[in-house]
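Okay, here's what each chain looks like letter by letter:
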Amino acid sequence: MRAAVVTSFDQPLEVKDVALPEPGPGQIQVRVEASGLCHTDIHAARGDWPVKPTPPFIPGHEGVGIVEKTGPGVTLHAVGDRVAIPWLGYACGTCEYCLTGWETLCESQLNTGYAIDGGHAEYLIADADYTVAVPAGIDPVEAAPLTCAGVTTYKAVKVGGVTPGDRVAIFGIGGLGHLAQQYAQIFGGETIAVDVTEEKLALAKQLGASHVVNAATTDPVEAITALGGADVAVVLAASPKVLEQAHASLRRGGRLVLVSLPKENAMALPIFQTVLKGISVLGSIVGTRADLAEVFRLHAAGRTRVFYETRPLTEINAAIEDVLASRVPARLVLIP
Ligand code: ZN
Ligand code: ZN
């Protein structure tokens, strides 16, 4: 099968033929139809994070495809089913986190496209229990970005405790932000979209944002404070400065939800304002299988729109350059 393989952290990915793996017990073999390109794939391919994957490996954790073979003991999916293979490729199923609906915090988890070969290939092998059925009627190319960008922002909005009437500021309207905004609106929030490009703010308007703020020309803290402050701020831009702005734009009792992972790994947290304004600072990491099933149900019901562009898998290195240079409108989806 053809796959995009990371052979070394300082080299581009190699698109080449590799052996087609067979499913073992509890596993399924999936023929990939679409595989979204997430920024995490780029960090994986370059070995940017403290815990590094081991080359050679195949990145990709927004894979969607058809089950071609099932290994012994698989009951959840049958040959011919369409499934999504998310970042959480395996969890122990028995620890305190797994048992209380927080499998995403399992200390024994293995991540797709990192510890386990991922979706940027013609086929992949997945632990059946950690894949999620894609309902009929959802285009697999749209299901791909929902598998990470969608579930991650859906969870962030849940973690932020958005309730009807809350003012929700979304910092960064891209592959993740345009979905975060829609989920905040589904939960009843009045959204404020913050970005530095007019194009993305126009998209936010089109998707129903109540307010847009161009942070390149306007101070977002002043603009949001003038609106009364935000009840919830969800930060998707990977910048400590943006996190600090988001904190400062909260009203009393506000919740700051951290999703992006800036390489600086630190932000200034003003203690007086946090204490006196009763602000909560929350981290949110991807979402569970149940969250992803909800994301798919909402999309099947026509409640969300996914903005994406497709590229052939063979052009993955050019696609990575485009993502790094912010030359893409929303999400890129690779087609094997
Ligand atoms: Zn991702
Ligand atoms: Zn566990």
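The structure this text deals with has already been given above.
A. Here's a closer look at the coordination of the zinc ion (ligand 1). Coordination sphere of the zinc ion (ligand 1), protein contribution only: Cys38 (SG), His61 (NE2) and Cys148 (SG), at 2.0 to 2.2 Å. When the donors of the zinc ion (ligand 1) are listed by position in the chain, the intervening gaps give C-x22-H-x86-C. Within this pair, whereas histidine 61 is found in the loop between α1 (39–46) and β4 (63–70), its partner cysteine 148 is found in helix α3 (residues 140–159), the two being separated by 87 residues in sequence. Accessibility assignment for this pair places histidine 61 and cysteine 148 in one class, buried.

B. Region of the structure containing the pairing of strand β17 (residues 331–335). Counting buried residues in β17 gives four out of five residues, a clear majority hidden from the surface. Here strand β3 (residues 27–37) runs beside β17; their pairing, made up of three bridges, is antiparallel. Of the residues in β17, the one forming a bridge with leucine 37 is leucine 332. Where strand β16 (residues 308–312) and β17 come together, five bridges link them in parallel fashion. Its bridge partner being in β17, proline 312 is matched across the sheet by isoleucine 335. With respect to chirality, the unit in which β16 leads through helix α10 (residues 316–324) into the neighbouring parallel β17 is right-handed.

C. Structural detail: the layout of surface pockets. The computed volume of the second largest pocket comes to approximately 270 Å³. Contributing to the lining of the second largest pocket are 21 residues, with Pro21, Ile116, Asp117, Gly118 and Ile125 lying nearest its centre. Broken down by secondary-structure element, the contributors of at least two residues to the lining of the second largest pocket are β6 (88–90) and β8 (123–127). The element contributing the most residues to the lining of the second largest pocket is β8, with five residues.

D. Spotlight on the coordination of the zinc ion (ligand 2). Donor atoms from the polypeptide that bind the zinc ion (ligand 2) are Cys92 (SG), Cys95 (SG), Cys98 (SG) and Cys106 (SG), placed at 2.3 to 2.4 Å. Geometry at the zinc ion (ligand 2) is tetrahedral, judged from its four donor atoms and the angles of 104 to 118° they form at the metal. All donors of the zinc ion (ligand 2) come from a single chain, and their spacing in sequence reads C-x2-C-x2-C-x7-C. Relative accessible area serves as the criterion here: at 13%, cysteine 98 is assigned to the buried category.

E. Geometry of the side chain of arginine 311. Relative to the helices and strands, arginine 311 is located in strand β16. A polar atom in the side chain of arginine 311 sits 3.3 Å from the side chain of glutamate 309. When residues no more than four places from it in sequence are discounted, the contact partners of arginine 311 are Ala319, Asp322, Val328, Leu332, Val333, Leu334 and Ile335.

Each value, and the rule that gives it
Residues numbered from 1 in each chain as written. Chains lettered and ligands numbered in written order. Predicted model: local features only at pLDDT ≥ 70, side-chain atom pairs only at ≥ 80, totals over all residues. Heavy atoms only, no water. Donors = N, O, S within 2.8 Å, 3.2 Å for Na, K, Ca; no water. Helix = DSSP H or I, 4+ residues; strand = E, 2+ residues; numbered from the N terminus. Buried < 20%, exposed > 50% of the residue type's maximum accessible area, 1.4 Å probe, protein only. Pairing = 2+ DSSP bridges. Right-handed = clockwise from strand over helix to strand, strands pointing away. 1 Å grid on protein atoms, 1.4 Å probe; cavity = no way out; pocket = protein on both sides within 12 Å on 5 of 7 lines; lining within 4 Å. Points joined across faces, edges and corners; volume = space filled by probe spheres on them. Tetrahedral: all angles 85-135°; square planar, octahedral: opposite > 155°, others 65-115°. Polar contact = N/O pair within 3.5 Å; in protein donor to acceptor, adjacent residues only side chain to side chain. Contact = heavy atoms within 4.5 Å.

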